[in-house]
Amino acid sequence: MNTALIVIESCSGNTRLIAEAVAAGLKDGGTDARVFDVAQAPTALPAGIDLLILGAPTHNRGLPTAATRAQAHRQGGTTASSGGMREWLARTAIPAALPVAVFDTVTSRTWLSGSAAEAIAKALRRGRGRDTAVVGSFLVQGQSGPLADGEETSARAWGRALEDSTSGRSAR
Ligand SMILES: Cc1cc2nc3c(=O)[nH]c(=O)nc-3n(C[C@H](O)[C@H](O)[C@H](O)COP(=O)(O)O)c2cc1C
């Protein structure tokens, strides 16, 4: 059985809901998938992982910073975290051979909204020369959510398609 590790940052729980749906999609295809909040995620990745998935909310067109996290918290965000995806990426060695997929949550899908997922992909490219081809983006209805209709279903399908490609089957 394949194993996937999903590491996410989430200030108001929406990115976590997407991560749980992606995990369900992976499990539908027979992959063991576990979701970790970035604060609890290992910075030494365990051996035997077949797929790493990284997700974060888009803040100011990119990855959250300490200042935007504080802003989210002031606006009712549930998580007050001293560190997030940006800091985790800086501390964590990701083996070159490990497939990585990235996703984000956004409030709109125009170029103006930016993309935390693209920022993660850029960090992986810049620091480690890695190309991350699989990028997902899921819509929330406002800064604290809820998720837009159908996004959990889309996330589950995205997870299932990832499972298919990781297992070497063609995506359905
Ligand atoms: C400080 C701040 C800046 C944000 N900037 C953007 C942005 O540039 N583009 C966007 O689409 N959404 C933006 N958002 C909305 C977030 O995408 C939304 O809060 C997030 O997807 C919710 O996910 P979470 O519940 O996992 O934190 C911003 C939210 C906050 C709090």
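Heads up: the structure comes first, above all this text.
So, a few notes on the structure that sits alongside this text.

Quick notes on the rules
- Residues numbered from 1 in each chain as written.
- Predicted model: local features only at pLDDT ≥ 70, side-chain atom pairs only at ≥ 80, totals over all residues.
- Heavy atoms only, no water.
- Core = buried A, V, L, I, M, F, W, Y, C linked by side-chain atoms within 4.5 Å.
- Buried < 20%, exposed > 50% of the residue type's maximum accessible area, 1.4 Å probe, protein only.
- Helix = DSSP H or I, 4+ residues; strand = E, 2+ residues; numbered from the N terminus.
- Contact = heavy atoms within 4.5 Å.
- Arc of directions from axis to C-beta.
- Salt bridge = Lys/Arg side-chain N within 4 Å of Asp/Glu carboxyl O.
- Near = heavy atom within 4 Å.
- Polar contact = N/O pair within 3.5 Å; in protein donor to acceptor, adjacent residues only side chain to side chain.
- Areas by Shrake-Rupley, 256 points an atom, 1.4 Å probe, with all protein chains shown as cover.
- Patch = residues over 30% accessible without salt bridge, like charges linked within 9 Å, V, L, I, M, F, W, Y side chains within 5 Å.
- Lys, Arg positive; Asp, Glu negative; His and termini not counted.
- Charge placed at Lys NZ, Arg CZ, Asp CG, Glu CD.
- Pairing = 2+ DSSP bridges.
- Phe/Tyr/Trp six-rings, centres within 6.5 Å; stacked < 30°, edge-to-face > 60°.

Our next topic: the nonpolar core. Grouped together as the largest cluster of nonpolar side chains are 22 residues, with contacts concentrated most on Leu52, Leu54, Met85, Trp88, Leu89 and Ile94. Within the residue set of this core, elements represented by two or more residues are strand 1 (3-8), strand 3 (51-57), helix 3 (85-91), strand 4 (100-106) and helix 4 (116-128). With five residues, the single largest contributor to this core is helix 4. Sequence-distant contacts of Leu54, defined by excluding residues within four places in its chain, comprise Val7, Met85, Trp88, Leu89, Ile94, Val100, Ala101, Val102, Phe103 and Ile120. Counting 21 residues, the second-largest nonpolar core is a separate cluster that includes Ala21, Val22, Val140 and Trp158.

A few words on helix 2 (residues 66-74). For helix 2, the full list of buried residues reads Thr68, Arg69 and Ala72. For helix 2, the buried positions fall inside an angular range of 105° around the axis, keeping them on one side. In helix 2, those exposed residues whose orientation departs by more than 90 degrees from the buried face are Ala66, Ala67 and Arg74.

For the coordinates displayed, the defined rule picks out seven salt bridges. Across the salt bridge formed by Arg69 and Glu9, the nearest N and O atoms sit 2.6 Å from each other. Taken together, the residues Arg69 in helix 2 and Glu9 in the loop between strand 1 and helix 1 (14-28) connect sequence positions 60 residues apart. For the pair Arg69 and Glu9, a shared accessibility class is recorded, and that class is buried. As a salt-bridge pair, Arg16 and Asp37 come within 3.3 Å of each other at their nearest N and O atoms.

Right, let's talk about the environment of Thr153 for a bit. Along the chain, Thr153 turns up in helix 5 (residues 151-166). Residues Thr153 and Gly25, 128 residues apart in the sequence, show an inter-C-alpha distance of 9.0 Å.

Near the ligand there are 22 residues, and of these Ser10, Asn14, Thr15, Thr105 and Gln143 occur at the shortest range. Note that an oxygen atom of the ligand is positioned 2.8 Å from one of the backbone N or O atoms of Cys11. Taking Thr105, its side chain carries an N or O atom lying 2.7 Å from an oxygen atom of the ligand. For the ligand, whose unbound accessible area comes to 630 Å², protein coverage reaches 94%.

Attention now moves to a positive patch on the surface. Residues Arg86, Lys122, Arg125 and Arg126 make up a contiguous surface patch of positive charge. With respect to the element layout, Arg126 can be found in helix 4. Of the residues examined, Arg126 reaches a relative accessible area of 65% and is grouped as exposed.

Most of strand 4 is tucked away: seven of the seven residues are buried. Pairing analysis gives six bridges linking strand 3 to strand 4, with the strands arranged parallel. Considered in strand 4, the bridge of Gly55 is made with Phe103. Examined bridge by bridge, strand 4 and strand 5 (residues 134-139) share six bridges and lie parallel to one another.

Now for the packing of aromatic side chains. Enumeration over the complete set of coordinates arrives at three aromatic pairs. With 6.0 Å between their ring centres and 75° between their planes, Phe103 and Phe138 make a pair best called edge-to-face. Here Phe103 is found in strand 4, whereas its partner Phe138 is found in strand 5, with 35 residues between them in sequence. Judged by relative accessible area, Phe103 falls into the buried class, the value being 0%. Phe138 sits in the buried class, given a relative accessible area of 4%. Between Phe103 and Trp158, the aromatic rings sit 5.9 Å apart at their centres with planes inclined by 70°, giving edge-to-face as the arrangement. Taken together, the residues Phe103 in strand 4 and Trp158 in helix 5 connect sequence positions 55 residues apart. Here Phe103 and Trp158 have matching classes, each one buried.

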